[in-house]
Amino acid sequence: MIPVNSVLQVGFFPDLMQAEIQHRLSPVSLLDPNAAVPAGDFNAILVRSNTTIPESLVRQMPSLRLVATCGVGYDNLPLSYLKEHGIRATNTPGVLNDAVCELAIGMLFGLIRQIPQSQAFLKSGAWSKGLLPLTTTLAGKKVGILGMGRIGQDLAKRLEPFKVEILYSGPSKKNVPYRYLPNLSELAQESDVLFLVCPASPATNKIINTQILEALGPESYLINIARGSVVDEAALLYALQHKRIAGAALDVFDNEPNPNPEFFNLDNLLMTPHIGSSTAETRVAMTKLAVDNLEAFFNQQPLLTEVPN
Ligand code: 8YV
């Protein structure tokens, strides 16, 4: 049982997620995380990973003991403040891997086979007048993955049948049958396609910079399904504008939901508005897991998926 008025729900949740929440608890809603906390004695926050919880908000909540974020990423939480004050946090790993990997594979082929450009060509009536430029085959290529965690491993398994060699980088070697390259520059140099699947953290902030993009080179592609902060966007913009890399696919950006409009003018960039986990099944599963964590907390049971902090 989750006590009435014990949970502050911060930010907007789409209908399907909200229905799942209402079914199981009666939160007090605060749409704007920068607004004053409504009167009440809240023990927990429920939030989505696209809403940042400012430290100023949690400072107003002396009884806060748990923050449950609906998302695998938790860069939206003021982790050092939470740690300092013994406030625990949960996220929703695992349940979104399928949706995120499916999008990643879709972006890969959309990008290298130029599916959006091909549809535009067809719809424009140009088919009867000319030919599209030839694209490139994935088979036989090397695919790099930065971040061989849960999602990275699921993505690698899905890539295997495409007859590619899989390489990866990250802070440590994993027990996986792929070649480990601790040096990101070397990974970029060897990869024909480089997927970013690592968590956002101070260590990965703008880790994809000019040097890495130059190492990737004019024949290779970058795909970011992690967080915008992992990429130095000015460097990427330059690399795309000057064809220093072959192309990119981005599901995530700095300054969401208003990415830099200079990205909109590029024909070697495929963009989606952070839809990695946005399937109905996945969003329900994420909400369920977030609420399961709240329930475990209020029932004094072990948390199901606690954020390491
Ligand atoms: C969504 C995500 O943006 O899980 C994450 O970390 O980035 C995505 O699933 C988010 O969860 C929206 O609620």
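Above: the structure in question.
As the structure is a prediction and not an experimental result, all values here were calculated from the model.

1. Digging into the site of the ligand
Then, number 1: Taken together, Arg48, Ser49, Cys70, Gly71, Val72, Gly73, Leu96, Arg227, His274, Ser277, Arg283 and Met286 are the residues near the ligand.
Then, number 2: Taking Arg48, its side chain carries an N or O atom lying 2.9 Å from an oxygen atom of the ligand.
Then, number 3: Contact distances for the ligand include 2.8 Å between an oxygen atom and a side-chain N or O atom of Ser49.
Then, number 4: Here the ligand has 320 Å² of accessible area as a free molecule, and 94% of this is covered by the chains.
Then, number 5: Among the residues making up the shell around the ligand, the classes are represented as 4 nonpolar, 5 polar and 3 charged.

2. Here's the deal with the sheet that holds strand S1 (residues 7-10)
Then, number 1: Within the open sheet, the 5 strands sit side by side as S2-S1-S3-S4-S5. Their pairing is parallel. The outermost strands of the open sheet, each flanked by one partner alone, are strand S2 (28-30) and strand S5 (88-90). Put simply, the sheet's adjacent strands are angled 20° from each other on average, direction ignored.
Then, number 2: Pairing between strand S3 (residues 44-48) and strand S4 (residues 66-70): 5 bridges, direction parallel. Pairing of Val47 across the sheet is with Thr69, part of S4.
Then, number 3: In the packing of helix H1 (residues 15-24) onto the sheet, the strands contacted are S1, S3 and S4, and the crossing angle to S1 comes to about 175°.

3. Concerning the pairing of strand S7 (residues 165-169)
Then, number 1: Counted residue by residue, S7 has 4 buried out of 5 residues, so it is predominantly covered.
Then, number 2: Two strands pair when backbone bridges link them, and strand S6 (residues 142-146) and S7 are joined in this way by 5 bridges, in the parallel orientation. Looking across to S7, one finds that Val143 is bridged to Ile166.
Then, number 3: With helix H6 (residues 150-159) bridging S6 and the parallel S7, this β-α-β connection has right-handed handedness.
Then, number 4: Across 2 bridges, S7 lies against strand S8 (residues 179-180) in parallel orientation.

The rules behind these values
Residues numbered from 1 in each chain as written. Predicted model: local features only at pLDDT ≥ 70, side-chain atom pairs only at ≥ 80, totals over all residues. Heavy atoms only, no water. Near = heavy atom within 4 Å. Polar contact = N/O pair within 3.5 Å; in protein donor to acceptor, adjacent residues only side chain to side chain. Areas by Shrake-Rupley, 256 points an atom, 1.4 Å probe, with all protein chains shown as cover. Nonpolar A, V, L, I, M, F, W, Y, C, P; charged D, E, K, R; others polar. Pairing = 2+ DSSP bridges. Helix = DSSP H or I, 4+ residues; strand = E, 2+ residues; numbered from the N terminus. Axes fitted to C-alpha atoms, helices over the stretch in contact; angles between N-to-C directions. Contact = heavy atoms within 4.5 Å. Buried < 20%, exposed > 50% of the residue type's maximum accessible area, 1.4 Å probe, protein only. Right-handed = clockwise from strand over helix to strand, strands pointing away.

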